[in-house]
Structure formats: C-alpha cells, structure tokens
Amino acid sequence: MLTTQKVARSSASAAALRGQYFAALCLAGAIAAGFFMDALTSVLLVLSTSLFFAVVRYSRRYLAGDPGQGRFTFWLCGAGACVFALILVQNLLLFALAWTGISLSLHQLLQFYSHRPGARLAARKKFLISRLGDCALAAALALAYATFGTWDFAAMFTAADHLRQQGPAPLPATVHWLACLLAFAALLKSAQFPFHSWLPDTMETPTPVSALMHAGIINGGGILILRLRPIIALSDAALLLLALTGGFTALFASVVMLTQASVKRQLAFSTVAQMGFMMLECGVGAFHLALLHIVAHSFYKAFTFLSSGSVVADRKTSGLIAPRRPVPAGVLLSGLAAALAVVFAVSYGFGAHTPEQPVLTGIFTLALAQLFWTSWTAPRTFARLPFGLLLGVAFTVAYFLAGFAASHVLAPLQRDNPVVTAALLCMFCVVAVMQTQLPRAAQVPWLGRMYVHARNGFYFNTLANRITMAIWPVRMTGEGL
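Residues numbered from 1 in each chain as written. Predicted model: local features only at pLDDT ≥ 70, side-chain atom pairs only at ≥ 80, totals over all residues. Heavy atoms only, no water.

Draft legend 1. Geometry of the overall build of the protein. When you go through the protein residue by residue, the secondary structure sums to 21 helices and 0 strands. Within the protein, buried positions represent 50% of all 481 residues. Taking the intrachain contacts of the protein between residues at least 6 apart in sequence as the baseline, contacts between residues at least 24 apart amount to 82%. Of the accessible surface of the protein, which amounts to about 21,800 Å², a share of 69% is contributed by carbon and sulfur atoms. (Helix = DSSP H or I, 4+ residues; strand = E, 2+ residues; numbered from the N terminus. Buried < 20%, exposed > 50% of the residue type's maximum accessible area, 1.4 Å probe, protein only. Contact = heavy atoms within 4.5 Å. Areas by Shrake-Rupley, 256 points an atom, 1.4 Å probe, with all protein chains shown as cover.)

Encoded structure:
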C-alpha cells in the first residue's frame, strides 16, 4: 500500500515537473520573440501572477492524493503560461497562438473528470464556441495584415493613429470589418449572450479550475479589446456591438442569477453579467474603467470560488442581503434621490460638472440607490439611514478615485450615443426596481411563470446542449471517453 502511494506521488511529481518545464518553454518562446511592455502589460502581469500563485497553491492541497494530480498540474501550468504569453507578446500572430493555447489547455482541465457526462458536455460546448472565436480571430489576422502590412502591435497602433488623425475622411471598409471581427471574438471568449451557456455548466471541474477560469481566463476577451483598443476605437460599429451585447448580457445574466438556488451557478451567472458590464464599458469608450473592472472582479471572484463553501454562511450573517419584503415606493424614490445627490456632489468635488460617461454614471447611481434601498430596509439597526448614507458616500468617493487613477493607465475615449444611453439606462432601471419587488413575484401569476423560465435560463442552455449533442454527441453514461 505504501509502495503504491509512493509511486503515485512520484508520478504526480514527475507530471508536475513536466508542466513546469512546459510553462517555462512557453514563456521563453514569448520572451525570445519579444514582448510588448506598457502600463496595461504591467497591470495585467501583476494581476495574473498573483491569481496564478494563489490557484496553484490552493490546488496542491485540494488535489493531494488524487491520481490525476500530475496531469492536472501539467495543464494548469500550460494554461498559466499561455495567459502570461497572451499578456506579453508584441504581435497579433503570437497573441492568437497564445489565445488558442489557453482554450486547448482549459479544455483538458474542464474534462478532468472525464467519466462525468456533464463535464464532457460542457467541455465540448465550450470547445465548439472557442473554435468559432478562433475562426473570427483568424479572419482578423488576415484582414490586419491586408490593412496594415504587419502584425506588430506598435506598427499597427501607429497606423491606426494616422487613420484617426485623417479627420472626417471615411476609413477603409477593412478597418471596420477588422474591428468588428475582433469585437466578435472577444464576445465569444468572455461568454456573452447567446454564447454564454457553457460557463454555468462547467461546475463539475475541480474548484481551482473554476477559480482560474472565472477570475482569469474569462478575461481573455477583455484583454483582447484593451490591447487592440486603438484599432477597435476606429469603428463606431464595433463599439456599438460591444455596448449593446455587453449591456444586454449584463441584464440577462443578472435576472437569471437572482433565480438560481445553487451558489456556484449564481457565481457563474454573476461572472457572465460582470463580463457583460465590462464589454459595455469598452463599448462606451471607458477602457480605463474596464481595466479597473477586470482587476477588481478577478480578485473578488478568485476569493469567492476558493472560499465558496463559506459563502452561504457569510450571506446569512450579512446585514446587506436582499430584502424579504418589497421595498416601499417612498423608499425607492428617496433612495434614488439620495443616490443622485451623492453622485453629483462627489463628481462636482472632483471637477466633473457633467458626467463624462452618462451610461456608466447612471448605472453606478442605480447601484448606489439599490444599496440605499437594501440598507434602509434591513432589519438590523446598524444598517439604517446613517450607515447607508455614509457607506454610499464612501463607495462613491472610492469609485471616482479609482476611475481617476485608472485613467492614467488607459486613456478613456468619449463615445456618447443618446439613443443607446437612454435604452441601456431604462433597461437597468427596470431590472433594479424588479429586484426590489422579488418577494411580490409569488403573488403575481405572470411573474411566477417568468421566475420559472428565468431559473431555467430561458432555455438557451437547453438549445445549446442540443446543438452540441447534434455536432459532437456525448454518451450520457458513467463511462470515460
């Protein structure tokens, strides 16, 4: 028995060592080819290194004694190396290779427990969607070379600045197609509607994989947009695609998240919603806030998944939980008025007499109003009016300070479409008010029916599963592949 355990540990150590060699080889190749160093690279490198260290350290004990620990470590190191390469490389071709390497490594991690049909189905669904994104990125590679004559980031960005300085002259059609293809690839990578259903289904993987995926790999689409923002910003069509798809995804996933009973599925739909909101930020030109969103969400989601076992207990002991009864109309109006007053007062103090990003400022105001509604209806005395106001002011000051700091890393781009702004704000306002009235849903027949449909993700997951089974069938038995 002891001999068998020693052999298993030796095999796991050898496989882990091979994974480390593989990661070192990938990084050496990226560095040898040259790397692109700027403020964005520095921030993303610190973020990814911190997250990868935490996940690897957690997985050592989580999978201790598992016969597949060595194989897991190999592919985990491979995924981490490709993420580092994605951040460091200096041309679009190497970026695309690292992008594909991340997807292939993640595919192996998603079907780590290959005897589980659900894990195989989710992995295959993700694989097919990723290949569609690879096709879009491959087409973008061809268009980029045809347009700029190079894949080097510095040369491409210089040419993009030259096109921007031409003024009102129409841009070549290839530039718009290139920007839209890059935006489409990013939307697929970050699980945006209607290609989102694979993410909530990948819950049968080891917890470290969930943490790495939700806190790191899912940001691949955002990294693509932020890295190639000088090119994507040339096309209003690409920005509109990001804003509308991201905004709708954020709303859709938020509604579905509220109906989920499983903590991990709530976290998964939360990730989809947060990625949608990040794409919305990119679509309205707030690239600095998108970067800030990536950093904050990554650390939060990694911590949440690695401590998911205590999430239920934490929510029960928290004073800021969803209300158990509908929020009165007077509280709704007073909370919204207080949020507007706080946001405009703090923004005026920072010298912003008019909102620079109307959509994002309006959404933040709604989030602040929701904080007031929740805190003012909480049963505990410490979460009453004074505490809610002080907490709201503190959050607002922190929001503007963080945005000011992030603007020195990535310059924002002013994009304001009144129709899109009004539509998105109306949708977010409706969802925010609906959330305060959830306890009343059981008393209204049509809301009760909508609750059932929302809990099933409006059946987009079922449709995606049927398409996957038709293309790449999975034997729904306990046998391995």
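Draft legend 2. Main features of the pattern of salt bridges. If you walk through the whole model with that rule in mind, you get 5 salt bridges. We note a salt bridge from aspartate 38 to arginine 227, for which the minimum N-O separation is 3.2 Å. Residue aspartate 38 is located in the loop between α1 (2-32) and α2 (39-62), and its partner arginine 227 is located in helix α10 (residues 220-227); the two are separated by 189 residues in the primary sequence. Aspartate 38 gets classed as partly exposed once you look at its relative accessible area, which sits at 23%. Overall, the relative accessible area of 2% leaves arginine 227 in the buried class. Note that arginine 164 is salt-bridged to aspartate 161, the shortest N-O span being 2.7 Å. Pair noted here: arginine 164 and aspartate 161 are both in helix α6 (residues 153-164), with a separation of 3 residues, about one helical turn. When its relative accessible area of 36% is taken as the criterion, arginine 164 is described as partly exposed. Classification of aspartate 161 by relative accessible area gives partly exposed; the value is 34%. Connected through salt bridges with shared partners, the residues Lys125, Asp201 and Arg265 form a single ionic network. (Salt bridge = Lys/Arg side-chain N within 4 Å of Asp/Glu carboxyl O.)

Draft legend 3. Inspection of the side chain of serine 197 at higher detail. Tracing the sequence through the fold places serine 197 in the loop between α7 (173-189) and α8 (198-201). Residue classification places serine 197 among the buried positions, given a relative accessible area of 4%. Beyond its immediate sequence surroundings of up to four residues, serine 197 is in contact with Lys125, Phe460, Asn461 and Ala464.

Draft legend 4. Seen up close, the packing of aromatic side chains. Scanning all chains against the criterion turns up 21 aromatic pairs. Residues phenylalanine 112 and tyrosine 113 carry aromatic rings whose centres are separated by 4.9 Å and whose planes lie at 70 degrees to one another, so their mutual orientation is edge-to-face. Exposure class is identical for phenylalanine 112 and tyrosine 113. Each is buried. What links up through ring pairs into an aromatic cluster is the set Phe36, Phe95, Trp99, Phe153 and Phe157. Sitting over the face of the ring of tryptophan 198, lysine 126 holds its NZ or CZ atom 5.1 Å from the ring centroid. Sitting over the face of the ring of phenylalanine 127, arginine 131 holds its NZ or CZ atom 4.5 Å from the ring centroid. (Phe/Tyr/Trp six-rings, centres within 6.5 Å; stacked < 30°, edge-to-face > 60°. Lys NZ or Arg CZ within 6 Å of the ring centre and 35° of its normal.)

Draft legend 5. Highlighting the nonpolar core. Phe95, Leu182, Leu226, Leu228 and Ile231 are the most contacted members of the largest nonpolar core, which totals 95 residues. At 10 residues, the largest contribution of residues to this core is made by α7. Beyond its immediate sequence surroundings of up to four residues, isoleucine 231 is in contact with Phe148, Met156, Phe157, Ala160, Leu178, Ala179 and Leu182. Judged by nonpolar contacts, the second largest core, of 17 residues, contains Val327, Leu332, Val346 and Leu391. (Core = buried A, V, L, I, M, F, W, Y, C linked by side-chain atoms within 4.5 Å.)

Draft legend 6. A look at α2. Its 24 residues give α2 an end-to-end C-alpha distance of 35 Å, which sits within 8% of 34 Å, the value for a rise of 1.5 Å per residue. Listed in full, the buried residues belonging to α2 are Leu40, Thr41, Leu44, Leu47, Ser48, Leu51, Phe52, Val55 and Ser59. (Expected span 1.5 Å × (residues − 1).)

Draft legend 7. Local environment of the packing of helix α12 (residues 236-257) against helix α19 (residues 418-436). Across the interface, α12 lies against α19 with an axial gap of 10 Å and an inter-helix angle of 5 degrees. Compared by their axis directions, α12 and α19 come out roughly parallel. Packed against α12, whose contacting residues are Leu240, Ala243, Leu244, Gly247, Ala250, Leu251 and Val255, the element α19 presents Val420, Leu424, Met427, Phe428 and Val431 at the interface. Residues of the contact of α12 with α19, tallied by class, amount to 11 nonpolar, 1 polar and no charged. (Axes fitted to C-alpha atoms, helices over the stretch in contact; angles between N-to-C directions. Parallel < 35°, antiparallel > 145°, perpendicular 65-115°, else oblique. Nonpolar A, V, L, I, M, F, W, Y, C, P; charged D, E, K, R; others polar.)

Draft legend 8. Seen up close, helix α16 (residues 329-349). The end-to-end C-alpha distance of α16 is 30 Å, a good match for the 30 Å that 21 residues give at a rise of 1.5 Å each. Of the positions making up α16, those classed as buried are Leu332, Gly335, Ala338, Ala339, Val342, Val343, Val346 and Ser347. Seen along its axis, α16 keeps its buried residues to an arc of 150 degrees; they face one direction. Opposite the buried face of α16, at more than 90 degrees from it, the exposed residues are Ala329, Leu333 and Tyr348. (Arc of directions from axis to C-beta.)

Draft legend 9. Here's a closer look at the environment of phenylalanine 287. With respect to the helices, strands and loops of the structure, phenylalanine 287 is situated in helix α14 (residues 287-306). For phenylalanine 287, a relative accessible area of 2% puts it in the buried group.

Draft legend 10. Quick peek at empty space enclosed by the protein. Here the structure, examined in full by the defined rule, presents 3 cavities of 30 Å³ or more. Roughly 210 Å³ of volume is contained in the largest cavity. Counting only elements with at least two residues in the lining of the largest cavity, the list comes to α2, α3 (69-88), α9 (207-215), α10 and α14. Ranked by the residues each element gives to the lining of the largest cavity, the list is headed by α3, at 6 residues. Computed from the structure, the second largest cavity encloses a volume of approximately 40 Å³. What lines the second largest cavity is simply Leu106, Lys126, Lys189, Trp198, Met213, Ile217 and Ile218. In terms of residue class, the lining of the second largest cavity is built from 5 nonpolar, no polar and 2 charged. (1 Å grid on protein atoms, 1.4 Å probe; cavity = no way out; pocket = protein on both sides within 12 Å on 5 of 7 lines; lining within 4 Å. Points joined across faces, edges and corners; volume = space filled by probe spheres on them.)

Draft legend 11. Spotlight on unusual backbone geometry. The omega angle of the peptide bond from phenylalanine 193 to proline 194 is 5 degrees, so this bond is cis rather than trans. Along the polypeptide, proline 194 turns up in the loop between α7 and α8. The phi angle at phenylalanine 458 is positive, at roughly 55 degrees, despite the residue not being glycine. Given the relative accessible area of 27%, phenylalanine 458 is considered partly exposed.

Draft legend 12. Just the environment of methionine 427, in detail. Position of methionine 427 among the secondary structure elements: in helix α19. You can call methionine 427 partly exposed: its relative accessible area is 34%. Measuring from C-alpha to C-alpha, the distance between methionine 427 and leucine 251 comes to 7.6 Å, with 176 residues separating the pair along the chain.

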